[in-house]
Each structure stands twice: as structure tokens, then as C-alpha cells.
Amino acid sequence: MNGVEQALIGGVDGGTAILIPALGELIGERSGVVNLGTEGCMLAGALAAFDAGTTTGSAWVGVLVGAAAGASFGLLHAWMTVIRRADQLASGLVVWFLALGVTSVFGVSYINKSVVPLPTLAVPGLSRIPWAGPILFKHDALVYLGYLLVALVWVVLYRTRIGLTLRATGERPEVVTATGGHPVRIQILAVTLGAALAGIGGAQLSVGYVDNWFNDMTSGYGFVAVAVVLFAAWRPAMVLLGAYLFGVALATASVVQAHGVAINQYLLDALPYLVTLTALVAVARRGSRQAPEGLRRALTHSV
Amino acid sequence: MTHLRPGGRRRLLAAASGALALLAGGTTLSACSSSSTSGAASAGASTPAITVGFIMVGSRSDEGYNQAVYDGSQAVAKKDPSVKVLTADNIPENNSVVQTMQSMVNAGAKLIFASSYGYFSYAEAFAKANPNVVVVHQGGFLTGTFPPNFGTYWGQAFEPVSLGGMAAGAATVSGKLGFVYAFPISQSIANIDAFELGAQQMNPAATTYLVNTSSWCDPLKQKEAASALLSQGVDVLTQHQDCQATVIEAAKAANAKVVGYHYDAEALDPAGWLTGSAWDWSSVYENIVGTVQSGKFTGSVYNANWVGSFATGDNPLTLAPFGSSVSSDTQTKILAAEALLKEPGHSVFAGPVTCQDGTVLYAAGVIPTYDQINSIKCLVKGVVGTLPQS
């Protein structure tokens, strides 16, 4: 296997841990609620998935429990921001710190335990495509879930009534109310669903790709997911691009070194952020004008 | 090693946990082995009762660097009931450590073990401000005059690391070894070089490929690092990270071999585990406590940069048990090398040692001192990769 292939394979695996939470955050932000606690929801998902995965012996059960754990922290964020009208940024940070503390305490007994990870599933036929096959179609199931979710979120967002209502909630909740909808319910659902996806992203780390638990193991990638949504201008395909670019650049930094190529280490460390930012700013320039209006209001209030 | 943790997010985390520690107040200190007055009486006049504090940067149950400190502190408490042991873990490398030291002194502590690299300046300043308390720092190195109540202690970590390198050199089929490290600090450089030199003893053609993660524990980066190394032909992995499970799991999934660091993790991957380095601080801690108890700290070996080694029989970093795949012939050779290091006049870095670029680091016959090894700036020949240049 050459280095380019390895960078792309590792990039898809690692990028998935950012893609799925970012899609979840996109759903929440489209409803007008930003969740900086995505990092915490990922941590909760990672630990819960690892816990359930080791207890039941099934990483699949782990993924489901991870989604539920992420969702429960999302529900807390929804309650604070949507029902209690708390500042969204402050509430998100509270959720992050809470999850960090809770998972650090309860995670102690899982450090250096082994889990049977999600198996690698080669998609019949597609994985045999020369070169691209192993890169795109020889991963654990959550990678394929990521592909499906991008398409699903796009279709629902732009081609269904539910998506229209969701977007309307993020733009003008009063219009939704006037047409008989329930913006509050929609926001709670969107934030909770988004946090469930963040939990699945955490599970991709703990039982899908790196296969262990450690305190604070998400190392800030939840914040990367939130940033990707922002720079992707709330568009699913751009989120896919941003998450994978980040993953590939992260893997590239290792691959370059593993082949003994001398490149400035600090440049390599910055590479994922530089590449993702540059690409998304170039491709998704219309970003600021596309921000859901409710979101812009929420963020301006916070300053 | 738990060391410098740069980055804004770390500082934010540190600030938050500092705040939490404040909220928790005195409860951050947990005491064990109570020293009742009757206990003190039975201890005799030669070892008066003493209260000792241990401060850790990470969780005391991380099955790594910090747990080794905690285990050492408990060994002290168990050995001598007249010693009251206070412990505080998850204390960030900022002003919180000063607050923690102060609370320990308020609780009667006369000796404090500051066990994380980044505590150094706080520990030294605290010692100067509190002449009645002895402060010792784990892993630091003071150049200059020591305050009468301050010292550092460490071990020649590269010694067992080179023995692990021997196991790796014997096990590799491809001749390519992989080393995942965090930051180019002197201890990591010495470990990388020692690992390669050890490997060369068993397989002169063995090369060590380096990947840097710029983090003491970032599982995603570690996984990418391990995958990158494995995919290009490396078949033995080792590391200098705080958390080692990711690299071990990656080796396990690829049927590669692994050499551990910090603690014995054979249980994670019994088939792939070769050996590793594991901390055992108990005798060092006991000796320091005993020295302070007898009132002879000032001027003692611990009132300086104390470094344990195989040669002096007190290296706190020991060789971990061998895995089942290590042949008895290899084990014999490694144990023989260990025995040799225990004799005077031998060193992992005994010349000739050559840098990557061909310059001679140590000429034939030269036995470098610990200070010299601790300031090596070059990677030895056989290591593939470069150190980050600022």
C-alpha cells in the first residue's frame, strides 16, 4: 500500500468521526440552535459505546447506546436553550464541561480495557474497484452510515416538508407558528437528534476506529465539527468535503513522517486546519449570508 | 511521561479543573494510612511520624505514568504506618499546584512529591518560600544551586527502553520499527535513540521510523500514526505517549508486535506484546521519605538531581515481563544486556555512536554521562525521521 492510499483510507476512517457529528450539528443549527457541547456529546457517546460494547460484547449495541448518551446531553442543551432560553454558547460550554467531568469520573474503570470493535465490512463488488474500492468501501459500517446520512440529510432538508419546516424554524419561527407548526418542539428534536449523531461520532472513535477509551479522547474534534458546519455554509455536501479533508490532512501528517519525509512538524500539525479552512472558505464563500437567521440572532445576542 | 502540554484548550481545561478543585476545597486531598498518636508512639524515636503529599497531573488510575506515582505513594503508606500519605490527582500544571501544595502543608505535610514535569518551577518556588517543607520534583533537572529543601529525582529511562529495542530488533521481519512520540524533549530523544541502538544489537539493519503526534494523548492522531507506520511495512511499534492503548490495539489488529512504555500492558495484546518499560517508584519514594524523616535531607543525594540507574541498582523504570512470542534465546540475550548495564563502565550509549548525518556522537570507548545523554540533540544512525525544529 502506498502512502497516498493510506492517507485517504485513514482520512475516511478518521474523517467519519467528524462527519457524523458535523451533520448532526448542521441539523441543529438549521433549526436555529448552535451546540458547542458537540465535543461533550461525542465524549459521552464514546464512553457509553465503549461501556456497552465491552459489557454486551457487541459494538453495535455500543453504537446505539452511544447515540442515546449523546442525545441525553443534547436534550439537556435543548432544555437550557430552547425552553429556558439560556445563552446558546454558554449552555454548550456547560454541556461540554459536564460531559468531560462525568466521562472522566465514570471512564476510569474502562481505561486500558479491550473491546471487540466494529468489523471491517468490504462492500461486495464496490470494494473491488481498482484503487478507489479499498479507499471508500472497505471500512466499518459507521463510515457507510456517514455516506448515507449526507444523502439523507440533503434530501430531507431540501426535498421534504419536514426539511422545509426545519429550515423555516431556523429562519423565522413565527412563520412556522403561524402555519400551525411548533418551533419549540422542532428545535428540541433537531438538537437532540444532532447530539445523537455526535454520540455516534464518538462511538466511531471508541469502538470503530481507535478501539479504546481514554479521558478527553475526542481532543477537540467536536469543535472541529462545529467549525466545519460554519465554514461549509450549512450545506451537507460541503460538510462532507470539510470533514474528509480534515481527516485526510490529519492522516497525511502521519503518513509523511512514517515515510521519513522531512517536512516542518509545526506545518504538519497545522495542516488539517489550514487545508480545511482554505478549501471551505474558497468553495463555500457565501457562508455568512446563508446563516440561518435564528442562528445569527442567537449568536449576536451572545456577544 | 506527563509533561508540557501546550495549547490554549489545555489551558482552558486546566482553568476549569482548577475551578472545580477550588469548589471541592479540601476534599481534593485524600488521606490514607492515618497516623494516630498511638501509631506514632509505636514507630519509635528513629522514625518520627511524618505527613507526605503526592501530586499527580493525571488520573491516579490511568494505568500509566500517574498510576505508577499513586502506586508508589501507597507502597510508602503500607511500608511505614507512621507515614501519613496525602494524594491529589488531576492537578493541572499551573497555579493550582501551588494551592494544592499549600493545602497539603496546612494539613501537616513536611514532604511533597510534585510528580509532573510542568510542576517544576512552581515546586522550586514553593520550596524557597517554605523552608520548613521539603519539596522533591519528579523528572526535573535543576542547573544551579539547590535550595536546602529541594531536589529532583528520575531514572535512566533509556536503559529499559534499549532492552525493549532489543526485543523489537529480534522480532522484526521487515527490519522496520515504528516509534510514536509526543514532543522532542530530551527524554524522548534519548528513548528513541536507545530503542534503535538496542534493536541494532539484535538486527544491525533494523531501522526505526518516527511519527510525532504533538500531544501526550490524542487517540485519533495515534491511530493515524500507527496505521501510517504499519501500512508502510513497520511490524513492531513502540511509543512515548501518556496513553498507550491505541497504538497497542492498532498493532493487535495488524498482527504486529508491540513494546510498551510506562506500565505492563501485556493483557491488552498477549500475542503481540514483546516487553516494555514499567515504573516502580516504591523504593525511591521510601528512601526519600526515610531521609526526610531522619532529618538528613539537606546535603543528601536527594538534595540534588538524583537519577536512578541499572548500574546503581535503583532505576525506577524497570523491564516489564516478556510476552509469549519472545524466544528464550532472545530473553537470555536481553537479560544478559541488562546484567551488563548493571555493572560499572557500561552504557546504552557506549561509543561508537553515530548520528543520522554521519557525525560521531560518541567515539569508540567513550562512556557518556547521564547529563550528556540527557542533552543529546541528534537522532542516531538507523532512525528515519527528523525532529521538529522551532
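Colleague: I'd love a proper account of the overall build of chain A, names of residues and values included.
Modeller: When helices and strands are tallied, chain A shows 14 helices and 2 strands. Against the compact-globule benchmark of 19 Å for 303 residues, chain A has a radius of gyration of 19 Å, which places it among compact chains. The burial tally for chain A puts 55% of its 303 residues in the buried class. Long-range contacts, defined here as pairs at least 24 residues apart, represent 79% of the contacts in chain A between residues at least 6 apart.

Colleague: Break down the overall build of chain B for me, citing the residues and quoting the values.
Modeller: Regarding its fold elements, chain B presents 12 helices and 16 strands. Looking at the 390 residues of chain B, the share that counts as buried comes to 55%. Taking the intrachain contacts of chain B between residues at least 6 apart in sequence as the baseline, contacts between residues at least 24 apart amount to 68%.

Colleague: Account for the nonpolar core, naming residues and giving values.
Modeller: Judged by nonpolar contacts, the single largest core of 210 residues is most densely connected at Leu23, Val228 and Val239 of chain A together with Ile55 of chain B. Inspection of this core shows a minimum of three residues originating in each of domain 1 (8-155 + 281-308) and domain 2 (158-278 + 320-384) of chain B. Here Ile55 of chain B is in contact with Ala88, Ile91, Val97, Thr100, Met101, Ile112, Phe113, Ala114, Ser115 and Tyr119 of chain B, once residues within four sequence places are set aside.

Colleague: How would you summarise the sheet that holds strand E7 (residues 176-181) of chain B if you had to cite specific residues and measurements?
Modeller: Residues and elements named next belong to chain B. Taken together, the 7 strands give an open sheet; going across it, the order is E13-E11-E10-E9-E7-E8-E16, and neighbouring strands pair in mixed fashion. Edge positions in the open sheet fall to strand E13 (317-319) and strand E16 (383-384), since each of these has one partner strand only. With 2 bridges joining them, strand E9 (residues 236-240) and strand E10 (residues 257-260) adopt parallel strand pairing. Opposite Leu237, over in E10, you have Val258 as the bridge partner. In this fold helix H9 (residues 245-253) packs onto E7, E9 and E10, with an angle of close to 160° to the strand it touches most, E10.

Colleague: Would you mind going over the interface of chain B and chain A in detail, with residue names and values included?
Modeller: Contacts between chain B and chain A engage 35 residues on the former and 34 residues on the latter. Looking at the side of chain B that touches chain A, the elements that each hand over two or more residues are helix H1 (8-24), strand E8 (207-212), helix H8 (219-231) and H9 of chain B. In terms of residue count, the dominant contributor to the side of chain B that touches chain A is H8 of chain B (10 residues). Residue composition of the side of chain B that touches chain A, by class: 16 nonpolar, 11 polar and 8 charged.

Colleague: Break down helix H6 (residues 158-171) of chain B for me, citing the residues and quoting the values.
Modeller: If you check H6 of chain B, its first and last C-alpha atoms are 20 Å apart, about what 14 residues at 1.5 Å a residue would give, namely 20 Å. Most of H6 of chain B sits inside the fold, with 14 of its 14 residues counted as buried.

Colleague: Outline the packing of H6 of chain B against helix H7 (residues 186-202) of chain B, supporting the account with residue identities and numerical values.
Modeller: Residue and element names in this part refer to chain B. Running from N to C, H6 and H7 cross one another at 40°; their axes reach a closest spacing of 6 Å. Overall, the two elements H6 and H7 adopt an arrangement that is oblique. At the point where H6 passes H7, the crossing takes the right-handed sense. From H6, Phe158, Val161, Ser162, Leu163, Gly164, Gly165, Met166, Ala168, Gly169 and Ala170 reach across to H7, where they touch Ala190, Asn191, Ala194, Phe195, Glu196, Leu197, Gly198, Ala199, Gln200, Gln201 and Met202. Among the residues forming the contact of H6 with H7, the class breakdown is 12 nonpolar, 8 polar and 1 charged.

Colleague: Explain helix H12 (residues 265-283) of chain A to me, using residue names and the numbers behind them.
Modeller: End to end, H12 of chain A covers 27 Å across 19 residues, agreeing with the expected 27 Å (1.5 Å per residue, within 8%). At Leu271 of chain A, H12 of chain A shows its strongest bend, of approximately 50°, with the proline Pro272 of chain A following within four residues. Those residues of H12 of chain A that sit buried are Gln265, Leu268, Pro272, Thr276 and Leu280 of chain A. The inward-facing, buried residues of H12 of chain A contact helix H10 (221-231) and helix H11 (236-258) of chain A together with E8 of chain B.

Colleague: Help me get a handle on the domain arrangement of chain B, residues and values and all.
Modeller: Residues and elements named next belong to chain B. In terms of domain boundaries, chain B breaks down into domain 1 (8-155 + 281-308) and domain 2 (158-278 + 320-384). Across the boundary between the two partners, domain 1 contributes 7 residues, which contact 7 residues of domain 2. For the side of domain 1 that touches domain 2, the residue count by class is 4 nonpolar, 2 polar and 1 charged.

Colleague: Help me get a handle on unusual backbone geometry, residues and values and all.
Modeller: Cis geometry marks the peptide bond from Gly351 of chain B to Pro352 of chain B; its omega dihedral reads 0°. With respect to the helices, strands and loops of the structure, Pro352 of chain B is situated in the loop between helix H11 (328-341) and strand E14 (353-354). For Ser219 of chain A, which is not glycine, the phi torsion reads 50° and is therefore positive. For Ser219 of chain A, the position within the fold is in the loop between helix H9 (183-209) and H10. For Ser219 of chain A, a count of 20 C-beta atoms within 10 Å puts it in the buried group.

Colleague: Give me the pairing of strand E11 (residues 273-279) of chain B: which residues, what numbers.
Modeller: All names here are of chain B. E11 sits mainly inside the fold: 6 of its 7 residues count as buried. Two strands pair when backbone bridges link them, and E10 and E11 are joined in this way by 3 bridges, in the parallel orientation. Counted as the bridge partner of Gly260 is Gly276 from E11. Sheet topology note: the E11/E13 ladder contains 3 bridges and is antiparallel. The residue bridging Ala278 from the neighbouring strand is Thr318, located in E13.

What counts, and where the lines are drawn
- Residues numbered from 1 in each chain as written.
- Chains lettered and ligands numbered in written order.
- Predicted model: local features only at pLDDT ≥ 70, side-chain atom pairs only at ≥ 80, totals over all residues.
- Helix = DSSP H or I, 4+ residues; strand = E, 2+ residues; numbered from the N terminus.
- Rg over C-alpha atoms; globule rule 2.2 N^0.38 Å.
- Buried ≥ 20, exposed ≤ 12 C-beta atoms within 10 Å, placed from the backbone.
- Contact = placed C-beta atoms within 7 Å.
- Core = buried A, V, L, I, M, F, W, Y, C linked by C-beta atoms within 7 Å.
- Domains from an automatic or database assignment.
- Pairing = 2+ DSSP bridges.
- Axes fitted to C-alpha atoms, helices over the stretch in contact; angles between N-to-C directions.
- Nonpolar A, V, L, I, M, F, W, Y, C, P; charged D, E, K, R; others polar.
- Expected span 1.5 Å × (residues − 1).
- Parallel < 35°, antiparallel > 145°, perpendicular 65-115°, else oblique.
- Left-handed = near helix turned anticlockwise from the far one by under 90°.
- Bend = angle between axes of the 7 residues up to and from the residue.

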